Structure formats: structure tokens, C-alpha cells
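Chains, contacts and geometry: an overview
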Amino acid sequence: MSKKHIEECVRTSLEGYFKDLRGTDPAGMYDMMVRVVEKPLLEVVMHHAAQNQSRAAEWLGLNRNTLRKKLVEHKLIK
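Fair warning: this is a prediction, and the values are worked out from it, not measured in the lab.

The rules behind these values
Residues numbered from 1 in each chain as written. Predicted model: local features only at pLDDT ≥ 70, side-chain atom pairs only at ≥ 80, totals over all residues. Heavy atoms only, no water. Axes fitted to C-alpha atoms, helices over the stretch in contact; angles between N-to-C directions. Helix = DSSP H or I, 4+ residues; strand = E, 2+ residues; numbered from the N terminus. Parallel < 35°, antiparallel > 145°, perpendicular 65-115°, else oblique. Left-handed = near helix turned anticlockwise from the far one by under 90°. Contact = heavy atoms within 4.5 Å. Nonpolar A, V, L, I, M, F, W, Y, C, P; charged D, E, K, R; others polar. Phe/Tyr/Trp six-rings, centres within 6.5 Å; stacked < 30°, edge-to-face > 60°. Buried < 20%, exposed > 50% of the residue type's maximum accessible area, 1.4 Å probe, protein only. Salt bridge = Lys/Arg side-chain N within 4 Å of Asp/Glu carboxyl O.

**With respect to the packing of helix α2 (residues 29-48) against helix α3 (residues 53-60)**
Where α2 contacts α3, the two axes come as close as 9 Å, and the packing angle between them is 125 degrees. Judged by the angle between their axes, α2 and α3 are oblique. Here α2 runs over α3; the crossing is right-handed. Contacts between α2 and α3 involve L41, L42, V45, M46 and H48 on the former and, on the latter, Q53, A56, W59 and L60. Across the contact of α2 with α3, the residue classes break down as 7 nonpolar, 2 polar and no charged.

**Some words on the packing of aromatic side chains**
This model, assessed by the stated rule, comprises 1 aromatic pair. Between Y17 and F18, the aromatic rings sit 5.9 Å apart at their centres with planes inclined by 80 degrees, giving edge-to-face as the arrangement. Residue classification places Y17 among the partly exposed residues on the basis of a relative accessible area of 23%.

**Describing the pattern of salt bridges**
All told, the structure shown has 3 salt bridges when counted by the stated rule. For R11, the salt bridge goes to E8, with nearest N and O atoms at 3.3 Å. Here E8 and R11 lie together in helix α1 (residues 3-21), a separation of 3 residues that amounts to about one turn. Here E73 and K69 are joined by a salt bridge, their closest N and O atoms 4.0 Å apart. Of this pair, E73 and K69 both sit in helix α4 (residues 64-73), 4 residues apart, which is roughly one turn of that helix.

Shape is all these values report; function is a separate question.
Dropping the structure here:
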């Protein structure tokens, strides 16, 4: 799957979101998008990194402590 394909999936989902709003103004979209994208991103990367936080952090370009904080926030670890 290419970067362009992922971008198109996001674009299509956002268009559907606006359609579902039926003219109502959205609120807090940026935070909503970060939340809904970040958790599956972390889940998939952790799976492919065999739960190795150091490897996953490297792949994501994050500090390991930042990754750990995000995993806790999303209740992916305790």
C-alpha cells in the first residue's frame, strides 16, 4: 500500500464524515483525527515489531518514552 493510497483512504473517510454531518459544523477535528489514526497505527506497528518498543519507536521516529506514553494513553499497555 502506497502513501498515496493511505492519503486517499483518509480523504474518502473525511468526505464521508462531512456527508454524515449534513451541514452541521464540525468541532475538534484535528484531535479526533489524531486519536482515530494513532491507535491503529500503534497497534499495527507494535504487532509487526513483535511488541518490541525500542524497534517500534525507531520505526515511528519517536523517542521510546514518548511511544510508551502513547501506548498507555491508548490502553495498549499498562
